[in-house]
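Here is what each chain is made of, one letter per residue.
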Amino acid sequence: MTASSYREALRQAHREALARDPRVFLMGEDVGKYGGTYAVSKGLLEEFGPQRIRDTPLSELAFVGAGIGAALGGMRPIVEVMTVNFSLLALDPIVNTAAALRHMSGGQFHVPLVIRMATGAGRQLAAQHSHSLEGWYAHIPGIKVLAPATVEDARGMLWPALQDPDPVLMFEHALLYNLEQELPAGAGEVDIRRARIRRPGRDVTLVGYGGTLEKSLEAARILAQQGIEAEVIDLRVLRPLDDATLLESVRRTRRAVVVDEGWRSGSLAAEIMARIMEQAFYDLDAPVARVCSEEVPIPYAKHLEEAALPQPAKIVAAVQNLWGNR
Amino acid sequence: MTAAPAPVPLPRELALRLLASMLLIRRFEERCAALYGEQKIRGFLHLYIGEEAVAAGVMPALAAEDAVVATYREHGHALLRGMSPESVMAEMFGKREGCCRGRGGSMHLFDAATRFYGGNAIVGGGLPLAVGLALADRMQGRERVTACFFGEGAVAEGAFHESMNLAALWRLPVLFCCENNLYAMGTALARSESQTDLCAKAASYGVPTLRVDGMDVAAVHQAAVTARQAVLESGAPLFAEFQTYRFRAHSMFDPELYRDKAEVEQWKQRGPIHNFTARLKAQGWLSEEEFLELDRQAGERVEAASAAAEAGEWEPAADLLKDVYTPREPA
Ligand SMILES: Cc1ncc(C[n+]2csc(CCOP(=O)(O)OP(=O)(O)O)c2C)c(N)n1
């Protein structure tokens, strides 16, 4: 076991992928000389050279689209977009081309492309750098959506994502880059199909991912002091959702709270609640609840930002509510 | 008195092949229009009638290993790239024998075998894709060209500017083929662009340019051969503007309120098939009988395709979800 940060784990994953497969290259804004907006790719330019670590102009549409073309041409590109907010300038190539190409071409072409980006709030960056739009992407058939929430997943998701024949989007919550956790020596590839139970419990299932995993675990620790044993599920894969793991847990605990940094209306949280309703309604002892971001563009001031986001206290309250402690 | 037409500066056999190509597109498109009336073809249908010389001149200048990226007005490009009229027509019928098993339709023709990367219904959507294909070639040390077709309307999109910049900055072998037919749907170039000199736009990115009479298939072909060679030799992009004109409506839903019939008639005088045929006849390379025979062959080819499409089958609805993702072994 060695301690590693989420950032270092991602960097190591890139290093491994670049070394293992000559078709892999990284491109994006400031991934090279600057060392990456979140320093994920720091040092990689020196190690792998400018052909494989490509600084792009401020042209999200063009370099994401070029990533699709390069994937079609036999490469295995990793495209880094600075944040999910900026990925909106590349929605067209992602949704209209990458996601649709295989089906639209009758199975003739597929797009083995990985697009990574930061998501989420918590750094007082206000409304144009803080949103959690991964739920939108999880709406789109033809792409897969990953949300590594642990150092182990940061280390292990990239390689299998690159092995996937179809486009994979990886959402890295911006607050996780400094997360330090133990990483087993020789840590590598992880499964990218299943959700994981991060904390077993018998009384209620908390469903989180990305930035809400730590908050859910924190809530579970508080609840344990009150005698409520919460099970915490880390979705890990936002599309396709791993219903089996989710439902197995909810059927056991008979209660669920979904914790999602996206806004509640039309959210991933809503989708998860619907699936529980559709498939486990008669196993429930209480209506499924959720803790989402308030329906407001994420504000700048610290207290306002905190108030806008899911917090452990809100999760605890939502859980307590399931027993009618009003 | 009219001057004698200029002789065709190409070998006769090639010249006749280019004529046959244009005839194939023309008859194919006319058949499509009729089939649309019969409701065999549905959805959006964009015909290439009037613009045939561009695809007919460029396609034979490309090598088999090159890649082609096109737009929703791409039936002609697909046919001349080597896709069978049967697979293209069946696709438009929505049949399983279609190149995309009925999932794409007229605007989304794809063919892996001939490196035909669509068929893109997003104006400008193909340009970044072409840049990436060329990047893959560059990074894998393959000496080949990606030809990217788009209308002049795409020049207003950010995708054009971002792609031009990236291709020039990274010196990628893309042959940008702008089919300037003067109208983007109903919007004339001068009504949408402050700078109507399209070559000047490309040149501002340091991309060399060519302006070509897109109604003259011989000129298009010669320019395309030169352009492809230049891209290969420099390893950098080139922008070719083919000045052409669409004789028909933008799509089947267009009442053409935005242009005069007289203007259309004037351009028809410069019709690519009509004029090229006249030149070939004037220099004694083509008789009326030979022309009729070429035309008959084109018509026959199209009839066969349409009959095959009619006889084709529907993809079972049970296969609806096929090919959303690449099949993989269960976990
Ligand atoms: C991004 C986008 N915006 C608008 C449209 C609707 N649209 C389809 S074709 C067209 C005109 C494009 O004109 P041009 O690029 O000159 O090509 P042409 O149709 O003349 O071949 C428009 C506006 C679209 N398909 N995609």
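Model, not experiment: these values are computed from the prediction.

Before we move on, could you go through the overall build of chain B and cite the residues and values that matter?
The helix and strand inventory of chain B stands at 11 helices and seven strands. A compact globule built from 331 residues would reach a C-alpha radius of gyration of about 20 Å, and chain B, at 20 Å, matches this within 12%. In terms of overall dimensions, chain B has a C-alpha envelope of 75 × 50 × 40 Å along the principal axes. A buried classification covers 57% of the 331 residues belonging to chain B. Considering only contacts in chain B between residues 6 or more positions apart, those separated by 24 or more positions represent 75%.

Tell me about the sheet that holds strand β5 (residues 114–119) of chain A, and please be specific about residues and values.
All names here are of chain A. If you trace the seven strands from one edge of the open sheet to the other, you get β3-β2-β4-β5-β7-β6-β12, paired in mixed fashion. Looking at which strands have only one partner, the edges of the open sheet turn out to be β3 (53–55) and β12 (237–239). Neighbour-to-neighbour, the strand axes of this sheet turn through a mean angle of 20°, independent of strand direction. As paired strands, strand β4 (residues 76–83) and β5 are joined by five bridges and run parallel to one another. For E80, the partnering residue across the bridge sits in β5 and is R116.

Before we move on, can you summarise the site of the ligand with the specific residues and values?
Residue and element names in this part refer to chain B. By nearness alone, 15 residues border the ligand, and Y72, R73, A121, G153 and N181 come closest of all. At a separation of 2.9 Å, a nitrogen atom of the ligand approaches a polar backbone atom of A121. At a separation of 3.0 Å, an oxygen atom of the ligand approaches a polar side-chain atom of E152. Here the ligand, which alone exposes 580 Å², has 72% of that area covered by the protein. Of the residues contributing to the shell around the ligand, the split by class is eight nonpolar, four polar and three charged.

Can you break down the side chain of E162(B) residue by residue, with the values?
As for its placement among the helices and strands, E162(B) is situated in helix α6 (residues 158–169). No salt bridge forms around the buried E162(B); measuring N to O, its nearest opposite-charge neighbour K201(B) is 15 Å away. Among the polar contacts listed, one links the side chain of E162(B) to the backbone nitrogen of L61(A), at a separation of 3.4 Å. Setting aside chain neighbours within four positions, we find E162(B) in contact with S59(A), E60(A), L61(A) and A62(A).

The rules behind each value
- Residues numbered from 1 in each chain as written.
- Chains lettered and ligands numbered in written order.
- Predicted model: local features only at pLDDT ≥ 70, side-chain atom pairs only at ≥ 80, totals over all residues.
- Heavy atoms only, no water.
- Helix = DSSP H or I, 4+ residues; strand = E, 2+ residues; numbered from the N terminus.
- Rg over C-alpha atoms; globule rule 2.2 N^0.38 Å.
- Buried < 20%, exposed > 50% of the residue type's maximum accessible area, 1.4 Å probe, protein only.
- Contact = heavy atoms within 4.5 Å.
- Pairing = 2+ DSSP bridges.
- Axes fitted to C-alpha atoms, helices over the stretch in contact; angles between N-to-C directions.
- Near = heavy atom within 4 Å.
- Polar contact = N/O pair within 3.5 Å; in protein donor to acceptor, adjacent residues only side chain to side chain.
- Areas by Shrake-Rupley, 256 points an atom, 1.4 Å probe, with all protein chains shown as cover.
- Nonpolar A, V, L, I, M, F, W, Y, C, P; charged D, E, K, R; others polar.
- Lys, Arg positive; Asp, Glu negative; His and termini not counted.
- Salt bridge = Lys/Arg side-chain N within 4 Å of Asp/Glu carboxyl O.

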